[in-house]
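Each chain, written out:
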Amino acid sequence: MAEMADTPQNPRYHAEGSVLEHTKMVVRRYFELRDRFRLSEEEREVLYWAAVLHDIGKTRVTKQVNGRWTSPGHEKAGLPMAMDHLLRRTELVPEARRKVLDLVRWHGIPLYFVKHQVPLDHLKLLGTRTDLRLLGIFTVLDFHGRICENQAETITAIEHFQRVTVPKAEYEFAPYADLQAQYATWNLRHKNAAWNAIRLKNFSLLEKLRHAPERDSPPTFGKKVYMTIGPPLSGKTSYLAHQHPGLFRVDLAEHGLAESDLGDAYYEDRKLIEFRHFLTIYLNRNRQVVLEGRNLKEKFRRRLTESIRDMNVAVEYLVFEAPLPPLFERDAQRPQPEGKEKIAALYHRFDLVHPWEAHHLQYITPADIAAPNSQKES
């Protein structure tokens, strides 16, 4: 709270004052306006916590440029902070927590959409990864909870986005829940084609795929790659030891794919070709393998995953979520601790994974990890 109170904002967009003043206004508007919308109890809970946490990232990135306060990238910066807070609240079910994080991450999109007249197809693509209906409703609360230039015109545009644009996108394409349910039923070939359409931002192809019959997918012969995603010390090793004790493990660092090795395009291309060769051998011998590594940057992680998809292999992400305090404690118990600053820096690199980036996605929290202290954490 103190950090939010001490974080100023540009009066052109937030004449109400600090981040804390804006947050309190949005929370008040939530209680005043929530009955305007048809909401389930879970959706009410999601919107409340989104109101509380949506601008928390401004406490990390706000700076003064040419005499004006600005907060570039505060949506992404707020994600790990919001996740750390929400994971300590056991009353929130995982699905609700992830919806809150979605709103934290994407709450800036509607204003950008209405200001720049972005084509509707772009919004439909966003609808494959987040609930547009909830995003539209939250944006109304957000803009009623501030004092800004041209406020009446802005609120009119935002309410039109919520009442007209979002329903149009969902009617012409599909609501988020329906899209996720449909994706879950597709075979690997169809899922690969859908991801390529998203990667290329080719909405017309994605729309055709939704209605096209599936072609037979070549057999995988049981070959599957698991990829662990999450901060250090979040329980990856313990989870694998208890839930997948027979999996053959591949340390990406041993193949020159550690974070510190990446960054040069030529090097990455060469190493990916080499790694595909080794991965083919591992899969032929073991059928199922797990790739272990710290948080790879999104761009390279996607390249790696797309390379594996091309091998006609099932890919499942194991996404580990954990609050910060237990990570600090585990680090302090190691013979050579990395220190709170480094652990926190890695933790704050967290970003959302597109639900279609892999064939399957599994989220894992500390509650899902059996006997977490019996193994050395990864």
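Positions within a chain are numbered from 1, following the residues in the order the chain's sequence is written. Under the rules for a predicted model, residues below a pLDDT of 70 receive no local features and side-chain atom pairs below 80 are neither given nor counted, while totals for whole chains, interfaces and linings still include all residues. Hydrogens and waters are ignored; side-chain quantities use all the structure's heavy atoms.

### Details of helix 2 (residues 19–33)
Our working definition: For the purposes of this entry, the term helix denotes a DSSP run of H or I that reaches at least four residues, the term strand denotes a run of E that reaches at least two, and both are numbered from the N terminus. Multiplying one less than the number of residues by 1.5 Å gives the expected span of a helix. Exposure classes here rest on a 1.4 Å probe applied to the protein chains alone. A residue is buried below 20% of its type maximum, exposed above 50%, and partly exposed in between. It only takes one pair of heavy atoms within 4.5 Å for two residues to be counted as in contact.
Between the first and last C-alpha of helix 2 there are 21 Å, a value that for 15 residues agrees with the 21 Å anticipated at 1.5 Å per step. Looking only at helix 2, the buried set comprises Val-19, Leu-20, His-22, Thr-23, Met-25, Val-26, Val-27, Tyr-30 and Leu-33. Here the buried face of helix 2 lies against helix 1 (2–5), helix 3 (41–53), helix 4 (58–61) and helix 9 (132–144).

### Things to note about the nonpolar core
As a reminder of what qualifies: Throughout this description, the term nonpolar core refers to a set of buried Ala, Val, Leu, Ile, Met, Phe, Trp, Tyr and Cys residues connected via side-chain atoms within 4.5 Å.
Residues Leu-47, Leu-53, Leu-103, Leu-123, Phe-138 and Leu-141 are the most contacted members of the largest nonpolar core, which totals 53 residues. Here this core takes 8 residues from helix 9, the largest share from any one element. In this structure Leu-103 touches Val-46, Leu-47, Ala-50, Leu-134, Leu-135 and Phe-138, once residues within four positions along its chain are discounted.

### Overview of the packing of aromatic side chains
Aromatic ring pairs are described here by two measures, namely the spacing of the ring centres and the angle between the planes. Condition: Aromatic pairing here means that ring centres of Phe, Tyr or Trp (its six-membered ring) are within 6.5 Å. Orientation follows from the plane angle: under 30 degrees is stacked, over 60 is edge-to-face, and everything else is tilted.
Going through the model one piece at a time under the given rule, you end up with 12 aromatic pairs. Geometrically, the ring pair formed by Tyr-183 and Trp-186 is edge-to-face, given 6.0 Å between the ring centres and 70° between the ring planes. A relative accessible area of 4% means that Tyr-183 is categorised as buried. You can call Trp-186 buried: its relative accessible area is 8%.

### With respect to the sheet that holds strand 7 (residues 360–364)
Formally: Two strands make a pair as long as DSSP finds a minimum of two bridges between them. The angle between two axes is taken between their N-to-C directions and runs from 0 to 180 degrees, where each axis is a line fitted to C-alpha atoms and a helix contributes only its stretch in contact.
If you walk across this open sheet you meet the 5 strands as 4-5-3-6-7, and the pairing is parallel. Both edges of this open sheet fall to strand 4 (248–251) and strand 7, since each of them pairs with a single strand only. Strand-to-strand, the axes of this sheet are offset by a mean angle of 25°, without reference to chain direction. Where strand 3 (residues 224–229) and strand 5 (residues 288–292) come together, 4 bridges link them in parallel fashion. Residue pairing across strands places Lys-224 opposite Gln-288, the latter belonging to strand 5. This element, helix 14 (residues 236–243), spans strand 3, strand 4, strand 5, strand 6 (314–320) and strand 7 of the sheet and lies at about 125° to strand 6.

### Concerning unusual backbone geometry
Even without glycine at this site, Asn-150 takes up a positive phi of about 50°. With respect to the helices and strands, Asn-150 occurs in the loop between helix 9 and helix 10 (151–172). A positive phi angle, near 70°, is found at Leu-233, a position not held by glycine. You can see Leu-233 is positioned in the loop between strand 3 and helix 14. In this structure Leu-233 comes out as buried when scored by relative accessible area, which is 1%.

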